[in-house]
Amino acid sequence: MSDDGAGEPVLRVEGLKAHYDSTDGFLDRLLGRSRRVKAVDGVSLELREGETLGIVGESGCGKTTLARSVLRLIEPTAGSVYHRGEDLTALSSAELRDRRRDLQYVFQDPHSSLDPRLTAGDVVGEPLDVHGLATGAEREDRVRELLETVGLSPSHANRYPHEFSGGQRQRLGIARALAVDPEVIVCDEPVSALDASVQAQVLNLLADLQAEFGLSYVFIAHDLRVIEHVSDRVAVMYLGEFVERGPTEAVFDPPYHPYTEALLSAIPEPDPLWEGDGIRLDGTVPSPIDPPSGCRFHTRCPRVIPDADYDLRPETWRTVMDLTLRAAEADDAASLTAARPDPTEAPRETFDGLVREEFDLPDTLPDAAAEEALGEAIDALHDEGIGAAAALLDSAFTSPCERHRPPEYELGGDHGIACLRYDDGFDEEAGTFADGSV
Ligand SMILES: Nc1ncnc2c1ncn2[C@@H]1O[C@H](COP(=O)(O)OP(=O)(O)OP(=O)(O)O)[C@@H](O)[C@H]1O
């Protein structure tokens, strides 16, 4: 996405990947099998001076790994992170230590991120020591000033972290980050461990500090309301990738990407920014070891594009895809339905009903060709087992979203979205691209 702000952004991340090696046990090693957890898998972003860039997504989609690899608290597997034009990934550890003065991190859990053996004064003073910024009386004054700045009493400098409340501990964490006078603070779920009323206080503090010191924030949260509240721009993350980016209002009002829409719908109270009908988001984020092909969200997307060979409504298509995907993963036919003991022992008609009920499939699909293919697959499931049925389903039902990995499409106004539905050259009815390919 282009930078329409003036000059070089404070932070620019290009094609960042952070993979973990989770090769585990004798068998993996014997078979030479390496299991790579693709926690962050090619992320680019820009953070502009004085802004808050929100990063939102469900648990497990890679937000923390992204935050840590941007600051090289985790070594990135690939990609670059530029701070004021200089590549952090190329710095030696000594250079990086110096650079950390400008780039600070506020952790999610103030209980475990603060050293319990240090007093509040030392928690805040330690970065001053590490960077040789102040000693003696000057250090004491600076610590008192920092405690005051974050709304803590300087008289509490001799207390230990466990003597503070959760909100106060998070203030301590913020004071510690502020001690070195940074430009950028990466805030990783800074309020998610706090009660709602305390959350608001800490968010207000962060906003005040941003205004006072001209800070730029990368702000990570799974809570969309928090993200909406604090962010100038937002990036929506799913399975190691950004699926949508743009100014906050553009991304949420109305939501464009089906994942963003689903996240908004999941908010218990209807979101004031949005008056849509709401779509459901089932299941959890799939494993980043072997992410789904094409659009990674296609296995859960309520708006996954139907196969153009059939005339099915998106809701019906979703149920057909759910059966197809589950059959591909299942060990046997019995595990596809909740019926016990073995549903395949039931007569064909009863079994058909059980499968349709399990997947919310209609008694008869409204498209004759789709119904025929589904009927054959259910027959195979009943008579031959899961392998035959999975193969039939897989060859009969494929979404273009499974085949095509969507690039980021520009919607204008610095708003980008990685979803095939926004490819102007793609004809959903025909299932073809502008060049005739499918
Ligand atoms: N050290 C590790 N080794 C292997 N896999 C890891 C490691 N740390 C995280 N993961 C995996 O990487 C993926 C992304 O995790 P990450 O913590 O970055 O996500 P997140 O969006 O921050 O989630 P949460 O909010 O739950 O922390 C997850 O599948 C997680 O299980």
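Keep in mind that this is a model prediction, so the values were computed, not measured.

**Q** Explanation requested: the sheet that holds strand S4 (residues 78-83) in the structure shown.
**A** As summarised here, the arrangement of the four strands in space is S2-S1-S4-S5, forming an open sheet in which the pairing is antiparallel. Two strands lie at the open edges of the sheet, namely strand S2 (36-47) and strand S5 (86-87), each paired on one side alone. The strands touched by helix H2 (residues 63-70) within the sheet are strand S1 (11-21), S2 and S4, with S1 carrying the most contacts at an inclination of about 120°.

**Q** Where do I start with the packing of helix H7 (residues 166-178) against helix H8 (residues 196-213) in this structure?
**A** For any two helices packed against each other, the geometry comes down to the angle between their axes and how far apart the axes lie. Put simply, H7 and H8 touch, their axes get as near as 10 Å, and they point 20° apart. Taken together, the axis directions place H7 and H8 in an arrangement best described as roughly parallel. Crossing hand, H7 versus H8: right-handed. In this structure, H7 contributes Gly167, Gln170, Arg171, Ile174 and Leu178 to the contact, and H8 contributes Val198, Gln201, Val202, Leu205, Leu206, Leu209 and Phe213. Here the contact of H7 with H8 is composed, by residue class, of eight nonpolar, three polar and one charged.

**Q** Would you explain the nonpolar core in this entry?
**A** Looking at soluble globular proteins, one finds that nonpolar side chains tend to be buried together. Membership of the largest hydrophobic core comes to 90 residues, with the highest contact counts inside it found for Ile174, Phe219 and Phe397. Viewed by domain, this core spans two of them, domain 1 (11-231) and domain 2 (314-398), each represented by three or more residues. The contact partners of Phe397, leaving out residues within four places of it in the chain, are Asp307, Tyr310, Trp317, Val320, Thr324, Ala370, Ala373, Leu374 and Glu402.

**Q** Can you help me understand the side chain of Arg356 in this one?
**A** Note on placement: Arg356 falls in helix H13 (residues 348-358). One polar contact links the side chain of Arg356 to the main-chain carbonyl oxygen of Asp363, over a distance of 3.0 Å.

**Q** Sorry if this is basic, but what is going on with the site of the ligand here?
**A** The immediate surroundings of the ligand are formed by Tyr20, Val37, Ala39, Glu58, Ser59, Gly60, Cys61, Gly62, Lys63, Thr64, Thr65 and Pro288. Here Ser59 contributes a side-chain N or O atom positioned 2.5 Å from an oxygen atom of the ligand. Take Lys63: an N or O atom from its side chain is 2.9 Å from an oxygen atom of the ligand. About the coverage of the ligand: the protein hides 61% of its 630 Å² of free accessible area. No other element matches the three residues that H2 contributes to the shell around the ligand. Of the residues in the shell around the ligand, the class split is five nonpolar, five polar and two charged.

**Q** For this particular structure, what's the right way to read the packing of aromatic side chains?
**A** By convention here, two paired aromatic rings are described through the distance between centres and the angle between planes. In total, this model carries eight aromatic pairs according to the counting rule given. Seen from their ring centres, Tyr259 and Phe297 are 5.0 Å apart, and the 65° between their planes marks the pair as edge-to-face. With Tyr259 in helix H11 (residues 258-265) and Phe297 in the loop between H11 and helix H12 (314-329), the pair connects residues that are 38 residues apart, well separated along the chain. Using a relative accessible area of 0% as the deciding quantity, one classes Tyr259 as buried. You can call Phe297 buried: its relative accessible area is 1%. Taken together, the ring pairs connect Tyr238, Tyr259 and Phe297 into an aromatic cluster. Against the face of Tyr82 rests Arg12, its NZ or CZ located 4.6 Å from the ring centre.

What counts, and where the lines are drawn
Residues numbered from 1 in each chain as written. Predicted model: local features only at pLDDT ≥ 70, side-chain atom pairs only at ≥ 80, totals over all residues. Heavy atoms only, no water. Pairing = 2+ DSSP bridges. Helix = DSSP H or I, 4+ residues; strand = E, 2+ residues; numbered from the N terminus. Contact = heavy atoms within 4.5 Å. Axes fitted to C-alpha atoms, helices over the stretch in contact; angles between N-to-C directions. Parallel < 35°, antiparallel > 145°, perpendicular 65-115°, else oblique. Left-handed = near helix turned anticlockwise from the far one by under 90°. Nonpolar A, V, L, I, M, F, W, Y, C, P; charged D, E, K, R; others polar. Core = buried A, V, L, I, M, F, W, Y, C linked by side-chain atoms within 4.5 Å. Buried < 20%, exposed > 50% of the residue type's maximum accessible area, 1.4 Å probe, protein only. Domains from an automatic or database assignment. Polar contact = N/O pair within 3.5 Å; in protein donor to acceptor, adjacent residues only side chain to side chain. Near = heavy atom within 4 Å. Areas by Shrake-Rupley, 256 points an atom, 1.4 Å probe, with all protein chains shown as cover. Phe/Tyr/Trp six-rings, centres within 6.5 Å; stacked < 30°, edge-to-face > 60°. Lys NZ or Arg CZ within 6 Å of the ring centre and 35° of its normal.

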